[in-house]
Amino acid sequence: MGRSRYEEIAESLRQAIRSGVHPPGSRLPSESDLAAEWGASRGTVRQAVALLASEGLIGSRQGARRVVLRQERRQSFEQLNSFAQWARAMGCEVAGRILTRTTRPATDEEAARLDVGPGSEVLYVLRLRHLDGEPVMVERTVYADWVAPVVRALPEDCVSIMDSIAERADIVAHHGEHLIDAVAAGSEDARLLRVRRASPLLRQRHLTYTAAGRAIEWTEDRYRAGSVVFNVMNSAAAAPLERRAGPGVAG
């Protein structure tokens, strides 16, 4: 399937930003100028610009020409993308390696998250992810038994498990829930990410579902500090962000 018009415009602007045509601090051409340049409607251009804003490449301020930001590795939750899809969109070289694959009984939390019976068999996968040759994230994922056979058959250097199971078995992630907090690096994390033990790590836990609401995976990702920034956009008109106290914190 070919790209939509707004995706073509977004990719052209993305490349112009990365090549220095639009350096950090500069302003993009106005929506009307971009519409004239591309022979597109302002609505289409607005979609392209919104996509770049969700990636953190340009400022998200409304009613003014967008300012090009410093090119941080920002991951937005506006769209459900795999780590590999996000990294490629940012122009990064992405790699991953499956370190272990273990079949074992689900813990109580895993069983509850995946909506399976206590002690049900699940596949636990430990994986190390790289961006531009550097280790940036340790990924620990538990897959439900109906997904496990497909994951077991993947090569160790599979770049994107989610993309692969979609292609091989039509198991497609449709929506997800994300929990974000900070943790200290344990011995295994420190060794894999090449940081000191107890170094701060950004943790993202997420549960991914099919369109029918069937749980696919429960994942805990631990990012090396400074390797990625999560980008959340909200407004008074949308559902408010929910904040929850961590374990042991009184209300």
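In case you missed it, the structure is sitting above this.
Residues numbered from 1 in each chain as written. Predicted model: local features only at pLDDT ≥ 70, side-chain atom pairs only at ≥ 80, totals over all residues. Heavy atoms only, no water.

Draft legend 1. Structural context of the overall build of the protein. Along its length, the protein carries eight helices and eight strands. Counting over 251 residues, the protein shows a buried share of 43%. Contacts spanning at least 24 positions in sequence make up 61% of the contacts within the protein whose residues lie at least 6 apart. Here the protein displays about 13,600 Å² of accessible surface, and carbon together with sulfur accounts for 48% of that area. (Helix = DSSP H or I, 4+ residues; strand = E, 2+ residues; numbered from the N terminus. Buried < 20%, exposed > 50% of the residue type's maximum accessible area, 1.4 Å probe, protein only. Contact = heavy atoms within 4.5 Å. Areas by Shrake-Rupley, 256 points an atom, 1.4 Å probe, with all protein chains shown as cover.)

Draft legend 2. Quick peek at the packing of aromatic side chains. Taken as a whole, this structure holds zero aromatic pairs when the rule is applied. The ring centre of W146 lies 4.1 Å from the NZ or CZ of R214, which sits over that ring. (Phe/Tyr/Trp six-rings, centres within 6.5 Å; stacked < 30°, edge-to-face > 60°. Lys NZ or Arg CZ within 6 Å of the ring centre and 35° of its normal.)

Draft legend 3. Examining the pattern of salt bridges more closely. This structure, assessed with the given rule, holds 16 salt bridges. R42 is the partner of E31 in a salt bridge, and the nearest nitrogen-oxygen pair spans 3.6 Å. Pair noted here: E31 is in helix α2 (residues 31-38) and R42 is in helix α3 (residues 42-54), with a separation of eleven residues, a long-range link. Judged by relative accessible area, E31 falls into the partly exposed class, the value being 21%. R97 is the salt-bridge partner of E156, the closest N and O atoms lying 3.3 Å from each other. Of this pair, E156 sits in the loop between α6 (148-152) and α7 (161-169) while R97 sits in strand β2 (residues 94-105), placing them 59 residues apart in sequence. A cluster of three or more residues bridged by salt bridges with shared partners is formed by R140, D181, E188, D189, R203, R205, E220 and R222. (Salt bridge = Lys/Arg side-chain N within 4 Å of Asp/Glu carboxyl O.)

Draft legend 4. Inspection of unusual backbone geometry at higher detail. Phi angles above zero are rare outside glycine, and D115 is one such case at about 60 degrees. The exposure class of D115 is exposed, given its relative accessible area of 71%. One non-glycine residue, R194, lies in positive phi territory at about 60 degrees. Tracing the backbone shows R194 in the loop between α8 (187-193) and β6 (200-209).

Draft legend 5. A look at the environment of P105. Tracing the backbone shows P105 in strand β2. Among the residues examined, P105 registers a relative accessible area of 55% and is labelled exposed. Once residues within four sequence positions are removed from consideration, P105 is found in contact with E110, G119, S120 and V122.

Draft legend 6. Local environment of the sheet that holds β2. An order of β2-β3-β4-β7-β6-β5 is seen for the six strands of this open sheet, with the pairing classed as antiparallel. A strand with exactly one partner marks an edge of an open sheet, and here the two such strands are β2 and β5 (175-184). Across the sheet, the mean angle from the axis of one strand to that of its neighbour is 15 degrees, orientation sign disregarded. Here β6 pairs with strand β7 (residues 215-224) via nine bridges, running antiparallel. By the bridge assignment for β7, Y209 is matched with A215. α7 rests against β2, β3 (121-131), β4 (134-143), β6 and β7 of the sheet, and its axis sits at about 155 degrees to β7. (Pairing = 2+ DSSP bridges. Axes fitted to C-alpha atoms, helices over the stretch in contact; angles between N-to-C directions.)

Draft legend 7. Focus on the environment of V159. On the secondary structure map, V159 appears in the loop between α6 and α7. Note: C-alpha distance between V159 and F83 (76 residues apart in sequence) is 9.1 Å. Apart from residues lying up to four places away in sequence, V159 is in contact with A84, R88, V94, R127 and R129.

None of the figures reported here should be taken as evidence of function without further support.
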